[in-house]
Amino acid sequence: SKQFVYLRDIVEVSTQSTGRASSCTWELSTAQVYGSSGKISKEDAKTSPKYDFECCKLKAEQTVATTPGLRHVIVRAGMVYGAGDRLGYITSQLVIASIYSYLGETMKLIWNKNMYVNTVHVDDLCRAIRHLTQSGTPGEVYNVVDDGDTTLDGICRTLPTSSP
């Protein structure tokens, strides 16, 4: 399964990195590991992943964090958008909305339009990671999201003919 391959690779990289004085393993994870409580989650908040992707990311974090002697930093990013985002939530919604628009139908969502969505532009995420390489503390978890109060409704309003 994809989960097994991903975790096997995480274990292999973690094992190879252990003991290297200048080495620090970076796990780029997702803020979705917190679930959808509707509240802002701090780095030490309880995790509650629901879907395979989030569960796999949390297992990878745990693998990295529990590998003896491994210096590591975990970055939990919001939903990334911007150049190069081919697999993310926002890009997939743009594609789906375009199909609905082409068909002349209104796109409907199963979630509440007021649901908050933590987002971060890929350039901001890269800047944050670069900053953490200089100032981050190994062993820590860092949440990286923008300060926009992005809601599902806000995202939908940018999509053609979408309706929450």
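Provided above is the structure to which this section pertains.
Residues numbered from 1 in each chain as written. Predicted model: local features only at pLDDT ≥ 70, side-chain atom pairs only at ≥ 80, totals over all residues. Heavy atoms only, no water.

Caption draft 1: Geometry of the overall build of the chain. Within the chain one finds 5 helices and 5 strands. For the chain, the N- to C-terminal ordering of α and β elements is α-β-α-β-β-α-β-α-β-α. The burial tally for the chain puts 34% of its 164 residues in the buried class. Contacts in the chain between residues at least 24 apart in sequence constitute 78% of all its contacts with a sequence separation of at least 6. Total accessible area computed for the chain in this model is approximately 10400 Å², and 54% of it derives from carbon and sulfur atoms. (Helix = DSSP H or I, 4+ residues; strand = E, 2+ residues; numbered from the N terminus. Buried < 20%, exposed > 50% of the residue type's maximum accessible area, 1.4 Å probe, protein only. Contact = heavy atoms within 4.5 Å. Areas by Shrake-Rupley, 256 points an atom, 1.4 Å probe, with all protein chains shown as cover.)

Caption draft 2: How the structure looks around the pairing of strand E2 (residues 72-77). In terms of burial, E2 is largely enclosed, as 6 of its 6 residues are buried. Residues His-72, Ile-74 and Arg-76 of E2 are buried on one face, and the alternating residues Val-73, Val-75 and Ala-77, pointing to the opposite face, are buried as well. The sheet contact formed by E2 and strand E5 (residues 141-144) spans 4 bridges and is parallel. The residue bridging Val-75 from the neighbouring strand is Tyr-142, located in E5. (Pairing = 2+ DSSP bridges.)

Caption draft 3: Quick look at the environment of Val-141. Tracing the backbone shows Val-141 in strand E5. With 114 residues separating them in the primary sequence, Val-141 and Glu-27 have C-alpha atoms 9.4 Å apart. Apart from the residues lying within four places of it in its own chain, the contact partners of Val-141 are Glu-43, Ile-74 and Arg-76.

Caption draft 4: Quick peek at the side chain of Thr-67. Note that Thr-67 resides in the loop between helix H2 (52-66) and E2. There is a polar contact of 2.6 Å between the side chain of Thr-67 and the backbone oxygen of Thr-63. (Polar contact = N/O pair within 3.5 Å; in protein donor to acceptor, adjacent residues only side chain to side chain.)

Caption draft 5: Focus on the pattern of salt bridges. Inspection of every chain in the model, using the stated rule, returns 3 salt bridges. Lys-57 is the partner of Glu-27 in a salt bridge, and the nearest nitrogen-oxygen pair spans 3.7 Å. Here Glu-27 is found in strand E1 (residues 25-30), whereas its partner Lys-57 is found in helix H2, with 30 residues between them in sequence. Between Arg-127 and Asp-124 there is a salt bridge, and its shortest N-O distance comes to 2.5 Å. With a gap of 3 residues between them, Arg-127 and Asp-124 both fall in helix H4 (residues 122-135), about one helical turn apart. (Salt bridge = Lys/Arg side-chain N within 4 Å of Asp/Glu carboxyl O.)

Caption draft 6: Examining the nonpolar core more closely. Grouped together as the largest cluster of nonpolar side chains are 9 residues: Val-73, Val-75, Ala-77, Val-120, Leu-125, Ala-128, Leu-132, Tyr-142 and Val-144. For this core, the secondary structure elements donating two or more residues are E2, H4 and E5. (Core = buried A, V, L, I, M, F, W, Y, C linked by side-chain atoms within 4.5 Å.)

Caption draft 7: How the structure looks around H4. Taking 1.5 Å as the rise per residue, H4 with 14 residues should run 20 Å; its terminal C-alpha atoms sit 20 Å apart, in good agreement. Among all positions of H4, only Val-122, Leu-125, Ala-128 and Leu-132 are buried. Angular distribution of buried residues about the axis of H4 spans 115°; they occupy a single face of the element. In H4, those exposed residues whose orientation departs by more than 90 degrees from the buried face are Arg-130 and Gln-134. If you follow the buried residues of H4, they end up packed against E1, E2, strand E3 (79-81), strand E4 (119-121) and E5. (Expected span 1.5 Å × (residues − 1). Arc of directions from axis to C-beta.)

Caption draft 8: How the structure looks around the sheet that holds E5. Within the open sheet, the 3 strands sit side by side as E1-E2-E5. Their pairing is parallel. Each of the sheet's edge strands pairs with one partner strand only, and the pair in question is E1 and E5. Strand-to-strand twist of the sheet, defined as the mean angle between neighbouring strand axes without regard to direction, takes the value 20°. Here E1 runs beside E2; their pairing, made up of 6 bridges, is parallel. Within E2, the position partnered with Leu-28 by the bridge is Val-75. Of the strands in this sheet, E1 and E2 touch H2, which is tilted by about 155° from E1. Sheet contacts for H4: E1, E2 and E5; angle to E1, the most-contacted strand, approximately 145°. (Axes fitted to C-alpha atoms, helices over the stretch in contact; angles between N-to-C directions.)

Nothing here speaks to function; it is geometry throughout.
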